[in-house]
Amino acid sequence: MNITGRSTARRTRWRALLLVVAAVTLPTGCVYYNGVYNAKEAARDGDALLRREAEADAGGPFRLSAERAESVVVRYPKSPWRTRALYLAGRGQAYSAQCDRAIPTLTEFLSVPGSTSDDRDRARVALASCELRGTRLVTARARLDSLVDAPNADVAREARIWAARGALAAGDRDAVPQYLRALNANALQWELIGSSLSAGEYVRAESLLTLQAARGDYRDDATRVLRELWLAGRVDAVESILRRYDLSRVRDDRRATMHYAIGELNVRAARDSVARRHLLVATTYAGRDTVVTREATARLSLLPLSSVRSTREIDSLIGRQDVSARTTAYTRRVQEQLLFVTLLEGRTDPTGASLFLAAEVARDSLRAPKVAEAMFLRIAREQPTSSLAPRSLHAASLLDPDSAQRWLGQVQSAYAASSVAAYLRGDDPATTSDFVTTPDLLKLRWTEGARAWADSVRKLRAPARASANATSVKR
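Residues numbered from 1 in each chain as written. Predicted model: local features only at pLDDT ≥ 70, side-chain atom pairs only at ≥ 80, totals over all residues. Heavy atoms only, no water.

J.: What should I look at first to understand the overall build of the chain in this one?
T.: Each helix and strand in the chain was counted, giving 24 helices and 0 strands. Residues counted as buried form 45% of the 475 residues belonging to the chain. Nonlocal contacts in the chain, meaning residues at least 24 apart in sequence, comprise 55% of its contacts between residues at least 6 apart. Carbon together with sulfur atoms contributes 54% to the accessible area of the chain, which is approximately 25000 Å² in total. (Helix = DSSP H or I, 4+ residues; strand = E, 2+ residues; numbered from the N terminus. Buried < 20%, exposed > 50% of the residue type's maximum accessible area, 1.4 Å probe, protein only. Contact = heavy atoms within 4.5 Å. Areas by Shrake-Rupley, 256 points an atom, 1.4 Å probe, with all protein chains shown as cover.)

J.: What's the story with the nonpolar core in this structure? I'm lost.
T.: Across soluble globular proteins, nonpolar side chains show a tendency to be buried alongside one another. Residues Val-125, Leu-144, Leu-209, Leu-226 and Tyr-245 are the most contacted members of the largest nonpolar core, which totals 72 residues. Take this core: its biggest share by element is 8 residues, from helix H7 (residues 153-169). Beyond its immediate sequence surroundings of up to four residues, Leu-144 is in contact with Val-125, Ala-128, Leu-132, Ala-159, Trp-162 and Ala-163. Grouped together as the second largest cluster of nonpolar side chains are 54 residues, Ala-282, Phe-340, Val-341 and Leu-344 included. (Core = buried A, V, L, I, M, F, W, Y, C linked by side-chain atoms within 4.5 Å.)

J.: So what exactly am I meant to see when it comes to the environment of Arg-312 here?
T.: Relative to the helices and strands, Arg-312 resides in helix H16 (residues 311-319). Of the residues examined, Arg-312 reaches a relative accessible area of 72% and is grouped as exposed.

J.: In this structure, what is going on with the environment of Tyr-260? I would like to understand it.
T.: Within the secondary structure, Tyr-260 is located in helix H13 (residues 252-268). Note on Tyr-260: relative accessible area 18%, which makes it buried. In this structure, the C-alpha to C-alpha distance between Tyr-260 and Arg-276, residues 16 residues apart in sequence, is 9.9 Å. For Tyr-260, the contacting residues outside a window of four places in its chain are Leu-279, Ala-282, Val-292, Glu-295, Ala-296 and Arg-299.

J.: Any chance you could explain H13 here in plain terms?
T.: Structural remark: α-helix, 3.6 residues per turn; residues separated by three or four positions point the same way. Compared with an ideal rise of 1.5 Å per residue, which puts 17 residues at 24 Å, H13 spans 24 Å between its outermost C-alpha atoms and is within 8% of the ideal. Judged by how many residues are buried, H13 sits mostly within the fold: 12 of 17 residues are covered. Residues of H13 that are buried: Arg-255, Ala-256, Met-258, His-259, Tyr-260, Ala-261, Ile-262, Gly-263, Glu-264, Leu-265, Asn-266 and Val-267. As for H13, its buried residues are in contact with helix H11 (220-231), helix H12 (235-247), helix H14 (272-286), helix H15 (291-301) and helix H18 (329-346). Within two residues after H13, Ala-270 carries a phi angle of roughly 60 degrees, on the positive side. (Expected span 1.5 Å × (residues − 1).)

J.: Help me understand H15 in this model?
T.: All of the buried residues along H15 are Val-292, Thr-293, Glu-295, Ala-296, Ala-298, Arg-299 and Leu-300. Each element contacted by the buried residues of H15 is listed here: H13, H14, helix H17 (323-326) and H18.

J.: Explanation requested: the packing of aromatic side chains in the structure shown.
T.: The geometry of an aromatic ring pair comes down to the distance between the two centres and the angle between the two planes. All told, the structure shown has 6 aromatic pairs when counted by the stated rule. Ring centres of Tyr-218 and Tyr-245 lie 6.2 Å apart, and the angle between their planes is 80 degrees; on these two criteria the pair is classed as edge-to-face. Here Tyr-218, found in the loop between helix H10 (202-215) and H11, pairs with Tyr-245, found in helix H12; they are 27 residues apart in sequence, far enough to count as distant. Across this residue pair, the class does not change: Tyr-218 and Tyr-245 are buried. A network of ring pairs unites the aromatic residues Phe-340, Trp-446 and Trp-453 as a single cluster. Positioned above the aromatic ring of Trp-162 is the side chain of Arg-165, whose terminal nitrogen or guanidinium carbon lies 4.6 Å from the ring centre. (Phe/Tyr/Trp six-rings, centres within 6.5 Å; stacked < 30°, edge-to-face > 60°. Lys NZ or Arg CZ within 6 Å of the ring centre and 35° of its normal.)

J.: Just to check I follow, could you spell out the state of the cysteines for this structure?
T.: A covalent bond between the sulfur atoms of two cysteines is referred to as a disulfide. Scanning the model with the defined rule gives 1 disulfide in all. Paired through a disulfide, Cys-99 and Cys-130 show a sulfur-sulfur distance of 2.2 Å. Taking the sign of the S-S torsion, about -80 degrees here, the bridge from Cys-99 to Cys-130 comes out left-handed. Here Cys-99, found in helix H4 (residues 99-111), pairs with Cys-130, found in helix H5 (residues 117-133); they are 31 residues apart in sequence, far enough to count as distant. (Disulfide = S-S within 2.5 Å.)

J.: Is there a simple way to think about the packing of helix H6 (residues 137-145) against H7 in this case?
T.: Helix packing for two helices is described by the angle between their axes and how far apart those axes are. One can describe the packing of H6 onto H7 by two numbers: an axis separation of 9 Å at closest approach and a directional angle of 150 degrees. It follows that H6 is roughly antiparallel to H7 by the angle criterion. The way H6 lies across H7 gives a crossing that is left-handed. Side by side, H6 and H7 meet where Leu-137, Arg-141 and Leu-144 of the first sit next to Ala-159, Trp-162, Ala-163, Gly-166, Ala-167 and Ala-169 of the second. Partitioned by chemical class, the residues of the contact of H6 with H7 number 7 nonpolar, 1 polar and 1 charged. (Axes fitted to C-alpha atoms, helices over the stretch in contact; angles between N-to-C directions. Parallel < 35°, antiparallel > 145°, perpendicular 65-115°, else oblique. Left-handed = near helix turned anticlockwise from the far one by under 90°. Nonpolar A, V, L, I, M, F, W, Y, C, P; charged D, E, K, R; others polar.)

Take a look at the structure:
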């Protein structure tokens with residue numbers, strides 16, 4: 001064979017060998033780069049978000065990681081990358097809330113030898129996270145307790161966070177600080193605040209929220225927690241926490257939200273001076289032409305509701321509001337309640353029941369106690385023979401402590417046979433003749449008045465809706 005023939009044969013043999021190598025290696029390469037590599041990159045993005053405590057955002061990358069790794073598991077069951085794909089798929093499923101799929105996937109991965117200790121530890125944490133979401137609390141806590149001191153710092157951190165959640169789920173809130181130690185886990189601190197609040201452990205919730213306020217860590221939960229603490233009677237603690245937030249670097253709009261929420265609660269409780277302080281601060285922080293500013297301004301302009309004595313004065317207060325305050329949800333609600341009071345007050349009713357109901361709406365919905373007191377006393381003065389006269393005097397006494405003894409004395413002397421007088425004497429009011437008839441009368445008048453009011457409100461709202469629709473069409 002000549003030289004040319006020998007070199008041709010050599011090239012042919014090399015081509016055949018390369019084709020054999022390619023046939024063996026190309027599927028493996030495609031499996032890695034199209035499946036495992038992309039799954040690994042997505043999981044890396046998810047882990048970066050977990051380290052920044054952005055769990056809600058991490059779900060997307062982990063879901064993507066799971067989908068890419070699953071394709072390898074399903075399409076290439078004999079691939080050498082299958083074990084790695086099981087790990088990525090199971091962990092991605094666990095951290096994207098697919099625990100029904102994650103548990104069998106991670107269990108299979110952990111049953112296969114040959115993976116690194118770090119991967120196995122991370123898989124155990126992910127598996128425990130799904131066990132916590134289910135009903136296997138004891139198993140999950142035991143698994144996590146064995147990993148809180150893992151050599152890999154990221155694994156130990158994940159294990160401590162989930163172990164703390166396991167303690168919260170078990171009601172063992174005292175164990176949470178032990179798991180966290182010096183760990184910076186603000187998200188978990190918020191979970192602990194919420195758990196403590198739900199359990200009525202207000203001192204713990206206050207202490208933790210005070211720390212978050214000092215750090216300038218605000219979440220939407222902060223306003224909710226402040227409201228719940230205030231409603232639980234922890235008013236001084238709420239004021240202290242708000243002061244800490246004011247001294248922190250929290251954004252002004254968030255401070256405005258907190259002050260507005262507490263100001264609104266104080267309006268409801270008729271603590272006008274405190275309400276005014278918080279609402280003014282809210283308008284300062286919120287800036288011009290924001291929803292918070294408009295709603296706070298509306299409440300500020302209607303704070304005198306607690307001192308006016310007639311529906312005409314209430315109407316005058318609303319008329320003096322600026323345009324932006326008059327169009328708020330709060331002012332519209334006050335206007336509709338005022339309409340109900342006016343309709344009830346204007347009904348011809350010799351029993352006094354409609355006027356009594358008007359007084360109750362003025363007291364409870366409008367929070368205009370002096371208007372209500374005047375109406376209650378008007379019933380006793382103008383319809384003294386009505387079965388509602390003693391009830392009206394009793395209701396007025398609750399609104400005016402200075403005159404209470406006078407009104408109650410009149411009930412006991414002039415209406416000794418009434419259910420109210422029986423109640424004041426300590427007798428059983430159910431033995432009196434008006435115990436059942438008077439509530440029935442009030443129920444009847446309420447049904448009649450509410451029907452008329454609903455029709456009026458519907459007519460008032462129709463032009464407003466038409467105007468809003470016209471504005472949206474122009475835009």
